Amino acid sequence: MSGGDGEAIRGCVLLVGAGGIAAPAALALAAGGVRELRVVDDDQVEITNLHRQILFDADDVGRPKLEAFAEALRRRFPGLRVDRRHGRFAPSAAAGLMPGVSVVVDATDNFASRFLIADVCRLTRTPVVHAAAIRWRTTVMAVAAEGGPCYRCLFEDLPTGDAPDCATAGVAGPVCGVAGAIAADRALAILAGDASVYGRIATYDGLSDTLRSVPVAARPTCALCGERADIATIDASRYVISCAADDGDRENGSPTHVEGDRGSGSPTHVEGDRGSGSPTHVEGDRGSGSPTHVEGDRGSGSPAHLNTGDQDHG
């Protein structure tokens with residue numbers, strides 16, 4: 001994969017995270033023809049990352065992930081433009097990260113970031129692919145610009161209490177590869193105008209080697225994309241449970257205002273103070289240690305039934 005085998009595809013893909021899911025996703029996107037990636041990350045390479053973060057090796061330990069990530073991609077794909085954005089996908093940073101983005105791949109590892117990404121993408125009319133992996137399980141869901149269903153249709157709000165991530169619960173390296181490959185497949189389909197990827201959630205169980213894709217339904221009462229949606233701003237206080245604040249007191253709780261016609265097809269502009277069908281059935285203890293379980297008949301067309309324990313993480 002020295003130069004990319006796919007025909008050039010127009011559009012910029014924003015990768016949120018530069019870790020175990022983002023690496024295989026980036027490779028697949030570049031090989032599939034994507035010529036512009038925007039990557040946001042604020043972490044450094046650690047020795048414990050190497051079993052799953054396939055763009056790094058031992059010489060990268062201690063380096064910023066973003067730098068090592070971009071260099072490794074450019075070695076394989078010299079024609080690929082990698083727009084590096086140091087930092088987190090935080091409420092104050094959203095306005096500067098979204099312009100020009102055609103689709104977002106969410107490869108983060110905490111609930112707060114997932115909900116923030118879901119909200120920003122809905123308000124800016126940007127399709128998003130949420131991808132997660134923990135232990136032996138993977139989940140991937142593509143969400144259309146208008147939602148219906150969206151991430152909040154499934155998981156209404158941030159869970160209370162601690163939720164495990166790769167650092168605490170562990171993850172099998174190849175499972176991250178599966179998550180990244182599926183996420184890239186969905187993102188490439190979106191760039192090609194294929195709407196069939198929306199409204200379904202893909203799950204992979206590495207222990208049983210089972211890949212399933214089942215439909216999910218929009219929730220009419222969803223606060224983000226439902227009939228009476230009331231999330232119209234990015235308020236940092238919604239995401240403080242897991243999202244670290246920017247340097248200093250940048251996340252001060254004041255809402256970031258989102259302007260634009262939410263009913264139109266054109267992207268809205270996110271502005272703010274950079275310094276300051278029947279619903280899918282969800283049950284279970286969201287703070288428990290059990291993995292998310294998705295059941296459904298791939299050919300039935302019925303909504304997925306989710307027994308949610310802790311959300312899968314990247």
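Owing to the predicted nature of the structure, the values given are computational and were not obtained by experimental measurement.

### What about the overall build of the chain?
Then step 1. Tallying secondary structure elements over the chain gives seven helices and 14 strands in all.
Then step 2. Looking at the chain residue by residue over its 314 residues, the buried ones come to 53%.
Then step 3. Of the accessible surface of the chain, which amounts to about 12900 Å², a share of 48% is contributed by carbon and sulfur atoms.

### Re the pattern of salt bridges
Then step 1. Tallied over the full model, the rule gives twelve salt bridges.
Then step 2. With its nearest N and O atoms 2.5 Å apart, the salt bridge here joins arginine 81 to glutamate 36. Placement of the pair is arginine 81 in strand β3 (residues 81–86) and glutamate 36 in strand β2 (residues 34–41), with a sequence separation of 45 residues.
Then step 3. Taking relative accessible area as the criterion, arginine 81 reaches 45% and is therefore assigned partly exposed.
Then step 4. On the basis of relative accessible area, glutamate 36 is assigned to the partly exposed category, the value being 23%.
Then step 5. A single network of salt bridges, built from pairs that share partners, joins Arg38, Asp83 and Arg85.

### With respect to the environment of tyrosine 239
Then step 1. Structurally, tyrosine 239 is set in the loop between β9 (233–235) and β10 (255–259).
Then step 2. Among the residues examined, tyrosine 239 registers a relative accessible area of 0% and is labelled buried.
Then step 3. Sequence separation between tyrosine 239 and proline 91 is 148 residues; the distance between their C-alpha atoms is 8.3 Å.
Then step 4. Those residues in contact with tyrosine 239 that lie beyond four places of it in its chain are Pro91, Ala112, Phe115, Leu116, Asp119, Arg152, Leu158 and Ile234.

### Brief notes about the packing of aromatic side chains
Then step 1. All chains considered together, the criterion is met by three aromatic pairs.
Then step 2. The interplanar angle of 75° and the centroid separation of 5.0 Å between the aromatic rings of phenylalanine 115 and tyrosine 151 together place this pair among those described as edge-to-face. Taken as a pair, phenylalanine 115 in helix α4 (residues 111–123) and tyrosine 151 in helix α5 (residues 151–154) lie far apart in primary sequence, 36 residues in all.

### Brief notes about α4
Then step 1. With 13 residues, α4 should cover 18 Å at 1.5 Å per step; its first-to-last C-alpha distance of 18 Å lies within 8% of that length.
Then step 2. Buried residues dominate α4, accounting for 13 of its 13 residues.
Then step 3. One side-chain oxygen at the N-terminal end of α4 lies 3.3 Å from the backbone nitrogen of alanine 112; it belongs to asparagine 110.
Then step 4. With its phi angle positive at about 55°, arginine 125 sits one or two positions after the end of α4.

### Some details on helix α1 (residues 22–31)
Then step 1. Within α1, nine of the ten residues are buried, leaving the element largely enclosed by the surrounding structure.
Then step 2. Turning to α1, its buried residues number three or more, namely Ala22, Ala23, Pro24, Ala25, Ala26, Leu27, Leu29, Ala30 and Ala31.
Then step 3. Glycine 33, located one to two residues past α1, shows a positive phi value of around 120°.

### As for the sheet that holds β3
Then step 1. Reading across from one edge, β3-β2-β1-β4-β5-β6-β7-β8 is the order of the eight strands in this open sheet, with mixed pairing throughout. The sheet terminates laterally at β3 and β8 (210–215), the two strands that pair on one side only. In this sheet, neighbouring strand axes are inclined to one another by 15° on average, regardless of whether the strands run parallel or antiparallel.
Then step 2. By the bridge criterion, six bridges tie strand β7 (residues 200–205) to β8 in an arrangement that is antiparallel. If you follow tyrosine 204 over to β8, its bridge partner there is leucine 211.
Then step 3. Strands in contact with α4 are β1 (9–16), β4 (101–106) and β5 (128–134); relative to β5, the strand with the most contacts, it is inclined by about 170°.

### Some points on the packing of α1 against helix α2 (residues 65–76)
Then step 1. Here α1 crosses α2 at 30°, and the two axes come no closer than 11 Å. Overall, the two elements α1 and α2 adopt an arrangement that is roughly parallel. When the axes of α1 and α2 are compared, the crossing they make is right-handed. The segment α1 lies against α2, with Ala22, Ala23, Ala26 and Leu27 engaging Phe69, Leu73 and Arg76.

### Focus: the pairing of β5
Then step 1. Burial within β5 is extensive, with seven of its seven residues counted as buried.
Then step 2. What you see with β5 is no split at all: Val128, His130, Ala132 and Ile134 on one side and Val129, Ala131 and Ala133 on the other are buried throughout.
Then step 3. In terms of strand pairing, β4 meets β5 through three bridges, oriented parallel. Counterpart to valine 105 in the pairing with β5 is valine 129.
Then step 4. Taken together, the seven bridges between β5 and strand β6 (residues 137–143) define a ladder with antiparallel strand orientation.

Parameters at a glance
The residue numbers shown here count from 1 along each chain, following its written sequence. In view of the model being predicted, local features appear only for residues whose pLDDT reaches at least 70, and side-chain atom pairs are presented and counted only at 80 or more, with totals across whole chains, interfaces and linings using the full set of residues. Values reported for side chains reflect all heavy atoms of the structure, with hydrogen atoms and water molecules removed beforehand. Think of it this way: any DSSP run of H or I at least four residues long counts as a helix, any run of E at least two long counts as a strand, and we number them from the N terminus. Relative accessible area decides the class of each residue, using a 1.4 Å probe on protein chains only: under 20% of the type maximum gives buried, over 50% gives exposed, and in between gives partly exposed. Accessible surface is estimated by sampling points in the Shrake-Rupley manner with a 1.4 Å probe; for residues, cover comes only from the protein chains shown. The salt bridge definition used is simple: a Lys or Arg side-chain nitrogen within 4 Å of an Asp or Glu carboxyl oxygen. In this description, contact between two residues means that some pair of their heavy atoms is separated by no more than 4.5 Å. Pairing of aromatic side chains requires ring centres within 6.5 Å, counting the rings of Phe and Tyr and the six-membered ring of Trp. Pairs whose planes differ by under 30 degrees are stacked, by over 60 edge-to-face, and all others tilted. A helix is expected to span 1.5 Å for every residue after the first. Side-chain atoms alone can form a polar contact between residues adjacent in sequence; in general such a contact is a pair of N or O atoms within 3.5 Å, and within protein one must be able to donate a hydrogen while the other accepts it. Two strands pair if DSSP finds at least two bridges between them. Under this scheme, a helix contributes an axis fitted over its contacting stretch, all axes are lines through C-alpha atoms, and angles between N-to-C directions fall in the 0 to 180 degree range. We call two directions roughly parallel when the angle between them is under 35 degrees, roughly antiparallel when it is over 145, roughly perpendicular when it lies between 65 and 115, and oblique otherwise. Two helices that cross are described as forming a left-handed crossing if the nearer one is turned anticlockwise from the farther one by less than a right angle, and a right-handed crossing if clockwise.

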